[in-house]
Each structure stands twice: as structure tokens, then as C-alpha cells.
Amino acid sequence: MSQPPTDREPLSATARRLAVYLKPHGRGVVLTILAYIGAACTEPLIPQLLKTVLGEGFKANSFSVWWVPVVLIGLFAARGLFSFLGQYLLNWTVSRTVFDLRAALLNALLKADARIYTSLQPGTAVTKVVNDPQQIVAQLGGALITLLRDGLPALAMLGYLLWLNWQLTLLSMITTPVMAVVVKRVNARVRRMGSWAYDAQLRLVNKVDDLTRAWRVVRSFDAADHEREQFAARAREVQRATLKTAAANALTQPVSQLIASIGLSVILSLALLQARQNQSGVGEFAAFIAALLLLTSRLRHLSELAQPITNALITAQGSLSLLDIPAENDRGSRALAECRGEIALQAVTLRYPGAEQPALAALDLRFAAGQTTALVGASGSGKSSIVNLLLGFAEPDEGQVLLDGAPINELTRASLRRQFAVVSQDIVLFDASVADNIAYAQPRDAARLEQALRAAHLWDFVQTLPEGLDTTVGANGSKLSGGQRQRLAIARALYKDAPIWVLDEATSALDTESERAVQQAIEAWQGRKTLIVIAHRLSTIRSADCIHVLQQGRVLESGSHAELVARDGAYAAMVQAQFAD
Ligand code: ADP
Ligand code: MG
């Protein structure tokens, strides 16, 4: 089972980072405080009014009777206005800060190095970007309210105590250093347990995330019990961690009260001694003790502030860690307008972290402009890794990738990626309409949409949909068949109309008829676009200008279909194996 984490930045550092997001809304905080002070000021006016009414009101020839309702209603109206303003301003500040935090976190995610997506679970991202900011700022806002509600009277009481007897008041603070040390120790534990609870909570979220995505697998394996157990194990961890955090928190109060009682008894004894020496009267003694006790009860509430603040900071620590993810290498400065589509890989070695064998080993490869180049090879031979390199999703450990003769590192990532239209192996669709999926992030153009849909052999199908182009496709296109999803992804790439086309096993889920249609679309582009086709079905690539056979990140043989068949090597063997099927 997981253990409490230890290697984190100190919470004070988190607080400083958080302050950056609170600062622009500082005037909201100030106005909130003013409104709460205003509301607090109306409080003593009510008994004051009562005193005046009772003291003066019964005398004949006193103030006009009409003054009473006017002042009373006015007082309550003022109080209501102040407390409304206080709450409204606080929520105004909270919601704006949450907005800014979410925007910053999402931006970090959008700019993050592509590699993090292999380890970042969607559930984690959702929690850190959507839920955490709200929780952080709301908790801090709540703490601010407590601070105002109990802190202001506590300050007043402290002033009163100092006025009554400043020597004793200062003496009563002798236990403060001891208290500070103890609270620090307890807080360290709260922090450790709280961080553990946070991590455990994320693991729980990710379980649910997995479950909803893999519901088909779960049901077909009849794995409800299995999943329930796994969920329960994680939920129990959350429970244990939360309980330990709460226990550590609950320790703060009794311990600090015990220490405070030591201080209180010292003061009591001293005050009694003073009183016996007749330096002060019983009345002053009683007033002093009463005020001290009242102050203590306010301080107790204030000591409970530590919990939400620590909690908020622990959450912030987890959430803001997204901002630490290194951004994608986008050091290129040249924006490429339009390319010819000539690509070369020069002695490229690509090694994934932790992998024994390099995915690509000193690979030399050329994709001629305006020609169709096919990549074939067993799965795991490095075909998709080449696509990742071209788009700058992966960086070569050695060697370089050239586009039109220039290293792609010199290009801005945005302009590099504009050159490519990719249909990848795993199709990803948005929970949006057919049209929005195809004209993704581009202006919608009816003629172009129809052209793309017809080329992808999807036009007739879309006509049968209840809302046509505006029909939504469900979460990741779950309302469509596998082949329809693939054709939709192809239509999206067609719509983009980039100079270089990459099809990474893009026709694998298609029936023969659709595949032929897509093939025709591809052939129509042939000669006008640089085409890179990766396919298992060799019939798809038969007409390619050049075919490279890959094995373990190296080129085994290259040539046209006819050349490779004549050569009677690995490719010829693959052709024969597929014919035999
Ligand atoms: P292909 O597309 O030819 O099937 P890939 O390029 O996807 O092969 O993978 C090549 C090798 O790199 C495989 O051995 C695979 O396990 C490994 N690989 C691919 N992606 C990653 C990754 N993100 N992290 C670690 N290893 C990876
Ligand atoms: Mg692949």
C-alpha cells in the first residue's frame, strides 16, 4: 500500500505561488474585509439603541416616537446590506480567482510536453484543473470569514486586556513559544497525512475514470466484484489517510488548550497575588479574567483556522504541480508558411525512457515530396514512432529530422504541425456534432464538408442521421461503428487539406468497400501531396512509389512493390503470407 509522500515543496512555497493568483483580486479581499467590518460595527449599535430607548424614551417630551422605527429599520437595513456585500464580494473574489487558476492550469496542460500524456490519467487532470481550484479558494475564503468573525473581536479584547493590565497581559503570552513549537510539530504531521490523503483521492478518481472508459471490458469479463474490491481498497486508503489527517488535526486543540491552561494558571496565581497586595480590586480582577476567558474562546476558533488553510495548501500543492510540467520544446523561431513536403530522417535514434531497445536505431529515411511512401513492418517495429517524430511529439536522442531540408527544430511547432494531416491508429473524436468533428478548430464550410465526407465515403450515412451534420457522435464517437469512426477521422484529415498526409493504419477498421473508396480518395491526392501510408493490409500500399520495410527500428529493405517482390526478401514473404490467407 502507498505511503505518505515526503518529497514535496514546503507549503510556504505553495502559499507564495497561490498568492500570485490572489493578488490581482486583492481589492476584492479588501472590500470584503471592509464590508464585514461594517456589518460588525452595526452590532453594538443595536444594544445602544435599546439603551437609549429604555433610558430616554419613557420620559415625556423625549425624542419623537417615529425615530425608533426609522433608526431600527435603518440599522437592520445597513447591517443586511453590509453582510450581503460581504458575501457577494467574497464570492466575486473567489470565483474570479478560481477562473484564473483554472485558465493557468489548462494552459499548462495545453503547452505541456507530449511525453507527460503517457503517464497523466484523465481523472487526475480533471481533478487538478476543475475541482481543486474551487476547493482551494473556497476553503481560503471560508478561513477569511472566520478570521474576520473571530479575529476582529479577539483584537478588540486584546486591546481591552492591555488597557486593564498590560503587565499581566504580556505575562499571559509566556507560553506562546511553547505553543508555536507544538503546533509546528503537529502541523508537520497534518501536512504529511494530508498529502497522502490527496494522492489516495486521486488514485480513487482514476479508478472510476478507468471503470467508465472500460465499462465494456468490465461487463464482458463479469468483473464487477473484481472492480468493487479494487475500488474498496483504494477507498479504504482514502478513508485511512483522511482519518489520520483528521486525528492529527484534532490533536492541535487539546494540546494547545493544555498549554494555554498552564499559562492561565500562572496568570491566575499572579493576579491573585497582586490583588492580595491590594494593588488592584476584585472588580478589576474579575473583569480581567472574564476578558481573558472570552479571548481564549475566540482564539480557539482561530486555532481551528489552521485546518482549512493547511488543507487548501495541500490541495494547491497537488494542483499547482501541473504548472511544473516542462513545456513542450518550441524553441523554433521560423514559421513555415507552405512546404513542398520533402522529409528526411538522418541517423535518428529514439529511445523511450526505461526501454531497453531503442524504438528507432540510427534510422535513415527519405519521404520524397509529392510521392507516396509506405511503411510496413511488424507491430512494434517503430512505424508510429516515426510519425511522432515528424509531428514533434517525440524528440530524437540522436540525429535529426529535416523538412524541405531544414531541421524541424528550427520551425515553430504550430507551423510544423500545420503541414500535416494525420489519421492515427487510435481514433479520437470529440463529443460534438459530425460537422464540428470534421471542421475541428477551423471555420465551417458546407462545400468543403461535403467534399470531405464524400471522399471518406460517409456522405450517404450522414444523410440518414436524424440531424444530419449536426448530429452529435457521443463520447469519443460511441454512437458510431468502428468503421464510421475511422472514416470520420479520415474526413477530418481531408478537411484540413495539409501538404503532407499521414495515414497510420487508418484503414484497418474498414470493410473492403469503404477501404476501396478511401483508397480512391488517396489516389486522387497522389502526386499532389506527400503521402505517408502505414498499413498492414499490403493491398493498400501496392501502388506506393516506395515501400520501406522496418524491423526493430531499422530499415530492412526498400523499393517499389514490384522490386521488393522480385527481391524475394521479407516483403515478398509478407505478401505471400497475406495471399495464403
Ligand atoms: P509500431 O507503430 O510499428 O507498431 P511503435 O512505434 O508504436 O510501433 O513502437 C515502437 C516501440 O516503441 C515498441 O517496442 C513500443 O513498445 C515502444 N513504445 C512506443 N511508444 C512508447 C512510449 N510512449 N513509451 C515507451 N515505449 C514506447
Ligand atoms: Mg503503430
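Because the structure is a prediction, the values reported are computed rather than measured. (Residues numbered from 1 in each chain as written. Chains lettered and ligands numbered in written order. Predicted model: local features only at pLDDT ≥ 70, side-chain atom pairs only at ≥ 80, totals over all residues. Heavy atoms only, no water.)

1. Points about the site of ligand 1
Where we set the bar: Nearness of a residue to a molecule or strand requires only that one of the residue's heavy atoms be within 4 Å of it. Here a polar contact means two N or O atoms within 3.5 Å. Within protein one must be a hydrogen donor candidate and the other an acceptor candidate, and residues neighboring in sequence count only if both atoms are side-chain atoms. All accessibility values rest on the Shrake-Rupley procedure with a 1.4 Å probe; residue burial counts only the protein chains present in the view.
Residues in close proximity to ligand 1 include T118, Y352, A359, A378, S379, G380, S381, G382, K383, S384 and S385, which together make up its full environment. Measuring from an oxygen atom of ligand 1, one finds a backbone N or O atom of S381 at 3.3 Å. In isolation ligand 1 offers 560 Å² of accessible surface; the protein chains occlude 61% of this area.

2. Let's talk about the sheet that holds strand β9 (residues 546-551)
Hydrogen bonding along the main chain pairs the strands of a sheet, whether they run parallel or antiparallel. What counts here: When DSSP locates at least two bridges between a pair of strands, those strands are taken to pair. Helix numbers and strand numbers start at the N terminus; a helix is a DSSP run of H or I with at least 4 residues, a strand a run of E with at least 2. For helices, the fitted line uses only the C-alpha atoms of the stretch in contact; every axis is such a line through C-alpha atoms, and the angle between N-to-C directions lies from 0 to 180 degrees. The contact criterion used throughout is that any non-hydrogen atoms of two residues lie within 4.5 Å.
In space, the six strands of this open sheet follow the order β6-β7-β8-β3-β9-β10, with mixed pairing throughout. Edge strands, defined here as strands with exactly one partner in the open sheet, are β6 (420-423) and β10 (554-559). Put simply, the sheet's adjacent strands are angled 15 degrees from each other on average, direction ignored. Sheet topology note: the β9/β10 ladder contains five bridges and is antiparallel. Note on β10: the bridge partner recorded for Q551 is R554. Sheet contacts for helix α18 (residues 570-580): β3 (372-377), β9 and β10; angle to β9, the most-contacted strand, approximately 95 degrees.

3. As for the coordination of the magnesium ion (ligand 2)
Selection criterion: Coordinating donors are taken as N, O and S atoms within 2.8 Å of the metal, stretched to 3.2 Å for Na, K and Ca; because water is absent from the atoms, sites can appear incomplete. Burial here depends on accessible area, computed with a 1.4 Å probe over protein chains only, as a share of the maximum for the residue type. Under 20% is buried, over 50% is exposed, and the range in between is partly exposed.
Taken together, the protein ligands of the magnesium ion (ligand 2) are S384 (OG) and Q425 (OE1), with distances of 2.0 to 2.5 Å. Within this pair, whereas S384 is found in helix α10 (residues 383-390), its partner Q425 is found in the loop between β6 and α12 (434-438), the two being separated by 41 residues in sequence. The exposure class assigned to Q425 is partly exposed, which follows from its relative accessible area of 40%.

4. As for the packing of aromatic side chains
For clarity, the threshold we go by: Pairing of aromatic rings covers Phe, Tyr and Trp, the last counted by its six-membered ring, and requires centre-to-centre distances within 6.5 Å; plane angles under 30 degrees mean stacked, over 60 mean edge-to-face, and any other angle means tilted. The rule for a charge over a ring is simple: NZ of Lys or CZ of Arg within 6 Å of the ring centre, and within 35 degrees of the ring normal.
Across all of its chains, the model carries three aromatic pairs by this definition. Ring centres 5.9 Å apart and planes at 20 degrees place the aromatic pair F84 and Y88 in the stacked group. Note that F84 and Y88 are positioned in helix α3 (residues 67-111) at a spacing of four residues, about one turn of the helix. Taking relative accessible area as the criterion, F84 reaches 52% and is therefore assigned exposed. The class of Y88 is partly exposed, set by a relative accessible area of 48%. When the ring centre of Y495 is taken as origin, the NZ or CZ atom of R448, which lies over that ring, is 4.1 Å away.

5. Some details on the packing of helix α4 (residues 122-171) against helix α5 (residues 176-213)
For any two helices packed against each other, one specifies the crossing angle of their axes together with the interaxial distance. Selection criterion: Any angle between 65 and 115 degrees counts as roughly perpendicular, while under 35 counts as roughly parallel, over 145 as roughly antiparallel, and the rest as oblique. Crossings are classed by handedness, with left-handed meaning an anticlockwise turn of the near helix from the far one by less than a right angle and right-handed meaning a clockwise turn. Under the scheme applied here, ten amino acids are nonpolar (Ala, Val, Leu, Ile, Met, Phe, Trp, Tyr, Cys and Pro), four are charged (Asp, Glu, Lys and Arg), and all others, including Gly, are polar.
Where α4 contacts α5, the axes come no closer than 8 Å and their chain directions differ by 120 degrees. Considered as vectors, α4 and α5 are oriented oblique to each other. The handedness of the crossing between α4 and α5 is right-handed. On α5, the residues touching P122, G123, T124, T127, K128 and D132 of α4 are Y198, L202, V205, N206, D209 and R213. Along the lines of polarity and charge, the residues of the contact of α4 with α5 split into four nonpolar, four polar and four charged.

6. Re unusual backbone geometry
One can expect most non-glycine residues to show negative phi and most peptide bonds to be in trans. In this structure, H457 takes a positive phi of about 65 degrees despite not being glycine. Owing to a relative accessible area of 33%, H457 belongs among the partly exposed residues under this scheme. One non-glycine residue with positive phi stands out, namely D497, at about 55 degrees. In this fold, D497 is placed in the loop between α15 (482-496) and β7 (500-504).

7. Overview of the UniProt feature "domain: ABC transporter" (unreviewed entry) in the chain
The cut-off we apply is this: UniProt positions are given in the numbering used here, feature names are shortened, and annotations may be inferred rather than shown by experiment.
Summarizing the sequence annotation, UniProt attributes the feature "domain: ABC transporter" (unreviewed entry) to residues 343-577 in the numbering used throughout. The straight-line gap between the two end C-alpha atoms of residues 343-577 is 31 Å; of that span, 34% is helix and 24% is strand.

8. Regarding α4
Rules: Multiplying 1.5 Å by the helix residue count minus one yields the expected span of that helix. For a residue, the bend is simply the angle between two axes, fitted respectively to the seven-residue segment ending there and the seven-residue segment starting there.
Taking 1.5 Å as the rise per residue, α4 with 50 residues should run 74 Å; its terminal C-alpha atoms sit only 56 Å apart, a clear shortfall. Along α4, the sharpest kink reaches roughly 125 degrees, centred on N165.

9. What to know about α10
For α10, the buried fraction is high: six of the eight residues fall into the buried class. Regarding α10, the residues found buried are K383, S385, I386, V387, L389 and L390. One or two positions beyond α10, positive phi appears at G392, with a value near 75 degrees.

10. Digging into the domain arrangement of the chain
To keep things clear, this is the line we draw: Boundaries of every domain are those given by an automatic assignment or by a domain database.
When the domains of the chain are assigned, the result is domain 1 (11-324) and domain 2 (343-580). Using C-alpha coordinates to define each centre, domain 1 is positioned 55 Å away from domain 2.

11. A look at the pairing of strand β8 (residues 530-534)
Going by this rule: By convention a crossover is right-handed if, when the strands point away from the viewer, the path from the first strand over the helix to the second runs clockwise.
When you tally the buried positions in β8, you get five out of five residues, the bulk of the element. Here β8 shows a buried face lined by T530, I532 and I534 and a second buried face lined by L531 and V533. The pairing of β7 with β8 spans five bridges and is classified as parallel. By the bridge assignment for β8, V502 is matched with I532. Regarding the hand of the β-α-β motif, the stretch spanning β7, helix α16 (residues 512-525) and β8 is right-handed.

12. Comments concerning the environment of G477
Note on placement: G477 falls in the loop between α14 (459-464) and α15. Owing to a relative accessible area of 0%, G477 belongs among the buried residues under this scheme. Each C-alpha atom, one on G477 and one on L510, is 16 Å from the other, the two residues being 33 residues apart in sequence. What G477 contacts, discounting residues up to four positions off in sequence, is L429 and R485.

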